[in-house]
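These are the residues of each chain, in order.
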Amino acid sequence: MDIIRGRRTILDYKPKKVERDLLVELLSHASYAPNHHMKEPWKLKIYEDEARSVFGEKVVDSYIRLGLLKTLNEEKLRKARKAYDRFFNSVPHHILFYMDKEDDGGYIDDENYAAICAFIQNFQLLAWEKGIGTMWTAKETLRDEVFIRDIGLNPHNQRLVAVVQVGYPNKLPKGKERTPITESMEWIQTSTIR
């Protein structure tokens with residue numbers, strides 16, 4: 001309970017990489033997430049070292065293609081690219097989670113997507129327990145077919161789920177309170193269901 005409530009999304013990381021054996025250990029434990037018919041649908045690409053900059057460049061190219069930076073003039077866009085490059089290089093690891101499509105966005109793909117989300121949450125909590133921070137990101141880029149091809153996947157065969165930044169936190173943000181769960185609940189006790 002303390003880890004669930006104490007975990008924070010980390011934006012600022014120390015330059016120290018997480019040891020590869022530790023990452024593998026945490027991801028191995030995280031793979032005990034529930035998944036229908038034990039399909040274990042998760043696949044991962046882990047970007048580190050020089051690959052971070054190239055990955056970040058492809059992300060920014062996607063932002064431009066999708067019109068997310070259309071308000072920026074040439075000079076501001078050049079500065080934005082530098083800022084994004086600094087960010088991508090400041091995070092020790094970027095883990096891209098993806099899956100193979102089975103029924104082109106149907107029920108099976110939904111089940112597999114949900115399983116990967118459970119896997120990611122398991123990983124985040126296990127990492128936090130070891131003093132490792134994460135930031136789960138899911139932007140329009142994950143559906144950009146050109147971006148998907150740019151990172152070596154096929155948009156007709158694979159679906160991107162999330163990119164999770166991983167590293168040792170430099171700064172811990174304050175926690176934010178949650179809305180009481182009772183505001184999202186409805187108890188049903190009669191035989192008439194609407």
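Described in the following lines is the structure provided in the data block.

Here is what the cut-offs are and how they apply
Residues numbered from 1 in each chain as written. Predicted model: local features only at pLDDT ≥ 70, side-chain atom pairs only at ≥ 80, totals over all residues. Heavy atoms only, no water. Helix = DSSP H or I, 4+ residues; strand = E, 2+ residues; numbered from the N terminus. Contact = heavy atoms within 4.5 Å. Axes fitted to C-alpha atoms, helices over the stretch in contact; angles between N-to-C directions. Parallel < 35°, antiparallel > 145°, perpendicular 65-115°, else oblique. Left-handed = near helix turned anticlockwise from the far one by under 90°. Nonpolar A, V, L, I, M, F, W, Y, C, P; charged D, E, K, R; others polar. Patch = residues over 30% accessible without salt bridge, like charges linked within 9 Å, V, L, I, M, F, W, Y side chains within 5 Å. Areas by Shrake-Rupley, 256 points an atom, 1.4 Å probe, with all protein chains shown as cover. Salt bridge = Lys/Arg side-chain N within 4 Å of Asp/Glu carboxyl O. Phe/Tyr/Trp six-rings, centres within 6.5 Å; stacked < 30°, edge-to-face > 60°. Buried < 20%, exposed > 50% of the residue type's maximum accessible area, 1.4 Å probe, protein only. Polar contact = N/O pair within 3.5 Å; in protein donor to acceptor, adjacent residues only side chain to side chain. Pairing = 2+ DSSP bridges.

### Here's the deal with the environment of Y63
Okay, so step 1: Along the chain, Y63 falls in helix α3 (residues 51-65).
Okay, so step 2: The residues contacting Y63, other than those within four sequence positions of it, are L68, L69, Y84, K139 and T141.

### A word on the packing of α3 against helix α4 (residues 74-90)
Okay, so step 1: Where α3 meets α4, the axes come as close as 9 Å, and the angle between the chain directions of the two elements is 140°. Classified by the angle their axes make, α3 and α4 are oblique. Between α3 and α4 the crossing geometry is right-handed. Between α3 and α4, the contacting residues are R52, S53, F55, G56, E57, V59, V60, D61, Y63 and I64 on the first element and L77, R81, Y84, D85, F88 and N89 on the second.

### Focus: the packing of helix α2 (residues 20-30) against helix α5 (residues 107-129)
Okay, so step 1: Packing of α2 against α5 brings their axes to within 8 Å, and their N-to-C directions diverge by 135°. Judged by the inter-axis angle, α2 sits oblique to α5. Of the two possible hands of crossing, α2 and α5 adopt the one that is right-handed. Residues L23, L26, L27, H29 and A30 of α2 form the contact with α5, whose own contacting residues are F119, N122, F123, L126 and A127.
Okay, so step 2: For the contact of α2 with α5, the residue count by class is eight nonpolar, two polar and no charged.

### Comments concerning a nonpolar patch on the surface
Okay, so step 1: A cluster of nonpolar side chains, contributed by I181, M185 and W187, occupies part of the molecular surface with about 410 Å² of accessible area.
Okay, so step 2: Relative to the assigned elements, I181 resides in the segment after β4 (158-167).

### Points about the packing of aromatic side chains
Okay, so step 1: Applying the stated criterion across every chain yields a total of seven aromatic pairs.
Okay, so step 2: Measuring from ring centre to ring centre gives 4.6 Å for W42 and F119, while their planes differ by 20°; the resulting arrangement is stacked. In this pair, W42 is assigned in the loop between α2 and β1 (43-47) and F119 in helix α5, connecting sequence segments 77 residues apart.
Okay, so step 3: You can call W42 buried: its relative accessible area is 12%.
Okay, so step 4: Its relative accessible area of 2% is what places F119 among the buried residues.
Okay, so step 5: Centre to centre, the rings of F97 and F119 are 5.7 Å apart; their planes meet at 65°, and the pair counts as edge-to-face. Here F97 is found in strand β2 (residues 93-100), whereas its partner F119 is found in helix α5, with 22 residues between them in sequence.

### Side note on the side chain of T134
Okay, so step 1: The residue T134 is located in strand β3 (residues 133-137) in this model.
Okay, so step 2: Side chain to side chain, T134 and Q124 meet in a polar contact 3.0 Å long.
Okay, so step 3: Not counting the four nearest positions on each side in its chain, T134 is found in contact with R8, T9, I10, Y13, F123, Q124, A127, V164, Q165 and V166.

### Let's talk about the pairing of β4
Okay, so step 1: Of all 10 residues that make up β4, 10 are buried, and the element is covered over most of its length.
Okay, so step 2: Sheet topology places β3 next to β4; five bridges connect them, and they run antiparallel. Each residue of the ladder has a partner; that of T137, found in β4, is V163.

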